[in-house]
Amino acid sequence: MKTGLVLEGGAMQGLYTAGVLDIFLENNIHFDGVMGVSAGALFGINYITGQKGRAIRYCKKYNKDRHYMGILPFLKSGDIIDREYAYELVPKKLDPIDDEAFKRSDIPFYCVVTNMNTGEPEYIKINSVYDQMDELRASGSMPYVCKPVRINGNLYMDGAVADSIPFEKMLEMGYDRLVVILTKSIEYIKKPLPQRLSRLIYEKNFPLFDEKVRNRHIMYNAEKERLFDAARNNDNIEIILPSEPLYVGKTEKNPDKLDAIYQLGRIDGRKALTDLPFISEQL
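We now turn to the structure provided with this report.

Calculation criteria
- Residues numbered from 1 in each chain as written.
- Predicted model: local features only at pLDDT ≥ 70, side-chain atom pairs only at ≥ 80, totals over all residues.
- Heavy atoms only, no water.
- Core = buried A, V, L, I, M, F, W, Y, C linked by side-chain atoms within 4.5 Å.
- Buried < 20%, exposed > 50% of the residue type's maximum accessible area, 1.4 Å probe, protein only.
- Contact = heavy atoms within 4.5 Å.
- Salt bridge = Lys/Arg side-chain N within 4 Å of Asp/Glu carboxyl O.
- Helix = DSSP H or I, 4+ residues; strand = E, 2+ residues; numbered from the N terminus.
- Polar contact = N/O pair within 3.5 Å; in protein donor to acceptor, adjacent residues only side chain to side chain.
- Phe/Tyr/Trp six-rings, centres within 6.5 Å; stacked < 30°, edge-to-face > 60°.
- Lys NZ or Arg CZ within 6 Å of the ring centre and 35° of its normal.
- Expected span 1.5 Å × (residues − 1).
- 1 Å grid on protein atoms, 1.4 Å probe; cavity = no way out; pocket = protein on both sides within 12 Å on 5 of 7 lines; lining within 4 Å.
- Points joined across faces, edges and corners; volume = space filled by probe spheres on them.
- Nonpolar A, V, L, I, M, F, W, Y, C, P; charged D, E, K, R; others polar.
- Axes fitted to C-alpha atoms, helices over the stretch in contact; angles between N-to-C directions.
- Parallel < 35°, antiparallel > 145°, perpendicular 65-115°, else oblique.
- Left-handed = near helix turned anticlockwise from the far one by under 90°.
- Disulfide = S-S within 2.5 Å.

Let's talk about the nonpolar core
As a rule of thumb, nonpolar side chains are buried together in soluble globular proteins. Counting residues in hydrophobic clusters, the biggest one holds 74 residues, and the most contacted among them are Leu15 and Phe24. With near-sequence residues (within four places) excluded, Leu15 lies in contact with Phe43, Ala55, Ile56, Cys59, Leu258, Ile261 and Tyr262. One finds Val6, Ala160, Tyr175 and Ile237 within the second-largest nonpolar core, a separate group that totals 19 residues.

This is the structure we're talking about:
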């Protein structure tokens with residue numbers, strides 16, 4: 001039986017996932033494959049490299065730098081997160097990702113991106129973080145506040161636009177058992193994104209992508225409902241989600257708020273060690 005790990009996105013709410021994953025690392029919890037969306041992909045790589053604590057460390061240190069994230073990078077380049085700072089300087093020099101450990105790992109890692117021409121999700125296997133940084137950046141490039149990323153002649157953005165919780169894709173790929181980490185509480189219902197703004201920015205050149213952006217709340221809420229229905233009817237699907245709502249902005253800079261999200265992930269991760277059969281079986 002193959003067990004897959006699915007990591008939802010959620011910008012800085014993804015530090016909840018980072019907390020859960022660090023508990024997994026501390027307890028040698030192993031999976032046969034991992035798929036991350038947006039922040040789930042960007043923070044999930046640290047699970048593969050075994051770099052416990054890296055995600056919360058660099059977010060607390062660099063998020064508060066106005067040149068790293070916020071209005072200055074957006075006015076400078078159209079990206080709310082500075083590409084050179086966040087995707088080159090930090091992961092390669094200031095707080096390096098252990099890309100050699102990533103390449104040595106026997107755990108396949110996939111990130112989800114949305115093709116802007118087709119509006120459809122694509123699932124890209126990451127073999128090297130350094131060599132495929134654009135793919136990871138595309139997965140986390142949020143509509144409205146980020147520019148598209150060009151990969152092999154096509155333009156891509158946030159994977160969560162087309163497939164926010166790709167548990168069905170993991171089942172389709174042959175993973176019989178799933179652990180899904182969500183970043184939204186059980187009560188959460190997604191609301192529509194600004195419809196006119198999406199039409200203004202995307203409709204002319206990317207009508208299928210525009211349609212996906214405007215209807216993302218419908219897709220997300222239906223996908224979440226299918227996930228919970230599947231978990232109720234299938235003992236081989238287990239869900240970890242915040243035990244309380246995560247009140248943190250997408251570009252949160254306050255280190256204390258970031259740490260609180262991370263610590264809640266650790267608390268819920270410890271609970272999963274005893275509450276979830278697949279996790280507890282490995283202890």
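What follows continues from the structure just given.
Things to note about the pattern of salt bridges
Under the counting rule described, the total for this entry stands at 20 salt bridges. A salt bridge links Lys92 to Glu88, with the shortest nitrogen-to-oxygen separation between them at 2.9 Å. Note that Lys92 and Glu88 are positioned in helix α5 (residues 83–94) at a spacing of four residues, about one turn of the helix. You can call Lys92 partly exposed: its relative accessible area is 31%. For Arg199, the salt bridge goes to Glu203, with nearest N and O atoms at 3.9 Å. You can see Arg199 and its partner Glu203 sitting in helix α9 (residues 195–203), four residues apart, about one turn around the helix. On the basis of relative accessibility, which here comes to 37%, the residue Arg199 falls in the partly exposed class. Looking at Glu203, the relative accessible area reads 37%, which means it is partly exposed.

Things to note about the environment of Pro277
Considering the arrangement of structural elements, one finds Pro277 in helix α13 (residues 277–281). A relative accessible area of 40% places Pro277 in the partly exposed class. Between the alpha carbons of Pro277 and Pro192 there is a distance of 36 Å; along the sequence they are 85 residues apart. Setting aside residues no more than four positions away along its own chain, Pro277 makes contact with Arg177 and Glu238.

Overview of the side chain of Thr114
Within the fold, Thr114 resides in strand β3 (residues 109–115). Here Asp158 takes part through its backbone oxygen, which lies 2.7 Å from a polar atom of the side chain of Thr114. Separated by 3.3 Å, the side chain of Thr114 and the backbone nitrogen of Ala162 make a polar contact. Once residues lying within four places of it in the same chain are set aside, the contact partners of Thr114 are Gly119, Glu120, Pro121, Leu155, Tyr156, Met157, Asp158, Gly159, Val161, Ala162 and Phe209.

Let's talk about the packing of aromatic side chains
Tallying each qualifying case throughout the model produces eleven aromatic pairs. Judged by centre distance (5.0 Å) and plane angle (85 degrees), the ring pair of Tyr68 and Tyr85 falls under edge-to-face. With Tyr68 in the loop between α3 (54–62) and α4 (71–77) and Tyr85 in helix α5, the pair connects residues that are 17 residues apart, well separated along the chain. Tyr85 shares its class with Tyr68; the two are buried. Pairwise contacts between aromatic rings join Phe24, Phe31, Tyr47 and Phe278 into one cluster. Taking NZ or CZ as reference, Lys2 lies 4.2 Å from the ring centre of Tyr175, over its face. Sitting over the face of the ring of Tyr188, Lys184 holds its NZ or CZ atom 5.6 Å from the ring centroid.

Quick word on helix α11 (residues 216–233)
At 3.6 residues per turn, the α-helix brings residues three or four places apart onto the same side. The terminal C-alpha atoms of α11 lie 26 Å apart, and with 18 residues this matches the ideal 26 Å at 1.5 Å per residue to within 8%. Among the structural elements, α8 (167–172), β7 (177–181), α10 (207–214) and β8 (237–240) are those in contact with the buried residues of α11.

Points about empty space enclosed by the protein
Per the stated rule, a full pass over the model turns up three cavities of 30 Å³ or more. By volume, the largest cavity is sized at about 340 Å³. Along the wall of the largest cavity there are 24 residues; nearest its centre are Leu42, Phe43, Tyr58, Ile81 and Tyr87. Residue composition of the lining of the largest cavity, by class: 19 nonpolar, three polar and two charged.

With respect to the packing of α3 against α5
Packed helices, taken two at a time, are described by the angle their axes make and the gap between the axes. Direction vectors running N to C along α3 and α5 enclose 120 degrees, while the axes themselves pass 12 Å from each other. Our classification of the angle between α3 and α5 gives oblique. Once α3 is placed against α5, the crossing between them reads as right-handed. Together, Arg54, Tyr58 and Tyr62 of α3 and Tyr85, Val90, Pro91 and Leu94 of α5 make up the contact between the two elements.

Some details on the environment of Tyr247
With respect to the helices and strands, Tyr247 occurs in the loop between β8 and α12 (255–275). Tyr247 sits in the exposed class, given a relative accessible area of 71%.

Some words on the state of the cysteines
As used here, a disulfide is simply a covalent bond connecting the sulfur atoms of two cysteines. All told, the structure shown has zero disulfides when counted by the stated rule. Cys146 provides the cysteine sulfur closest to Cys59, a residue in no disulfide bond, and the two sulfurs are 14 Å apart. For Cys59, a relative accessible area of 1% gives the class buried.

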